[in-house]
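# Fold and geometry: a report
Each chain, written out:
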Amino acid sequence: MECRVSWTGGLATRSGMGFVAETGSGHTVMMDGAPDAARPENGGQNLAPRPMEMLLAGLGGCASYDVVLILKRGRHAVEGCSVSIKAERAEADPKVFTRIHMAFDVRGAGLPQAAVERAIALSHEKYCSASAMLGQSAEITTSLTLTDTSVTNL
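### Digging into the packing of aromatic side chains
Applying the stated rule across the entire model yields zero aromatic pairs. Looking at arginine 89, its charged tip hangs above the ring of phenylalanine 97, at a distance of 6.0 Å from the centre.

### Points about the sheet that holds strand β4 (residues 77–89)
On the basis of which strands lie adjacent, the open sheet formed by three strands has the order β4-β5-β6 and mixed pairing. The open sheet has two edge strands with one neighbour each: β4 and β6 (139–148). Sheet twist, expressed as the mean angle between neighbouring strand axes with direction ignored, is 15 degrees. As paired elements, strand β5 (residues 97–109) and β6 share ten bridges and run parallel to each other. From the neighbouring strand, aspartate 105 faces β6, where its bridge partner is threonine 145. Of the strands in this sheet, β5 and β6 touch helix α2 (residues 113–127), which is tilted by about 150 degrees from β6.

### Quick notes on the side chain of aspartate 32
Residue placement: aspartate 32 occurs in strand β3 (residues 28–32). For the buried residue aspartate 32, which engages in no salt bridge, the nearest side chain bearing the opposite charge is arginine 50, 7.7 Å off. Looking at aspartate 32, its side chain comes within polar contact range of the side chain of serine 15, at 2.5 Å. A distance of 2.9 Å separates a polar side-chain atom of aspartate 32 from the backbone nitrogen of glutamine 45.

Procedures and definitions
- Residues numbered from 1 in each chain as written.
- Predicted model: local features only at pLDDT ≥ 70, side-chain atom pairs only at ≥ 80, totals over all residues.
- Heavy atoms only, no water.
- Phe/Tyr/Trp six-rings, centres within 6.5 Å; stacked < 30°, edge-to-face > 60°.
- Lys NZ or Arg CZ within 6 Å of the ring centre and 35° of its normal.
- Pairing = 2+ DSSP bridges.
- Helix = DSSP H or I, 4+ residues; strand = E, 2+ residues; numbered from the N terminus.
- Axes fitted to C-alpha atoms, helices over the stretch in contact; angles between N-to-C directions.
- Contact = heavy atoms within 4.5 Å.
- Buried < 20%, exposed > 50% of the residue type's maximum accessible area, 1.4 Å probe, protein only.
- Lys, Arg positive; Asp, Glu negative; His and termini not counted.
- Salt bridge = Lys/Arg side-chain N within 4 Å of Asp/Glu carboxyl O.
- Polar contact = N/O pair within 3.5 Å; in protein donor to acceptor, adjacent residues only side chain to side chain.

The analysis is restricted to geometry; functional conclusions fall outside its scope.
Next up, the structure:
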């Protein structure tokens, strides 16, 4: 796996702290820094996600992928999976994540709650590389909202 990240600030772009990441799989992702009112030349323009937000997005993608795959392999009728992530960071540099909460919202017809909870736990404890890495500095907690789409309101 590889990735090349290049600063775009020297290319007369709008942001002095913009970056482009080119992944080994052939995709491009833009990143930008937060504006810096005290030193605008050192800040971004908020034109793209910040690098630390990309870490959280990677965590969410990794965990959601695991949850959906585990449920599908268990022949469960999963129809939707999303995760909202909130994180706290240390006050001092390097300002690592110290707490991360992942609120899963999973939908499907007749999904057993125990199976979904097990899929989330397996992702966190065994399969999700991002969770394993971020868990070295942060306490990661999860919650679940499960919607049974086979139940109809009369």
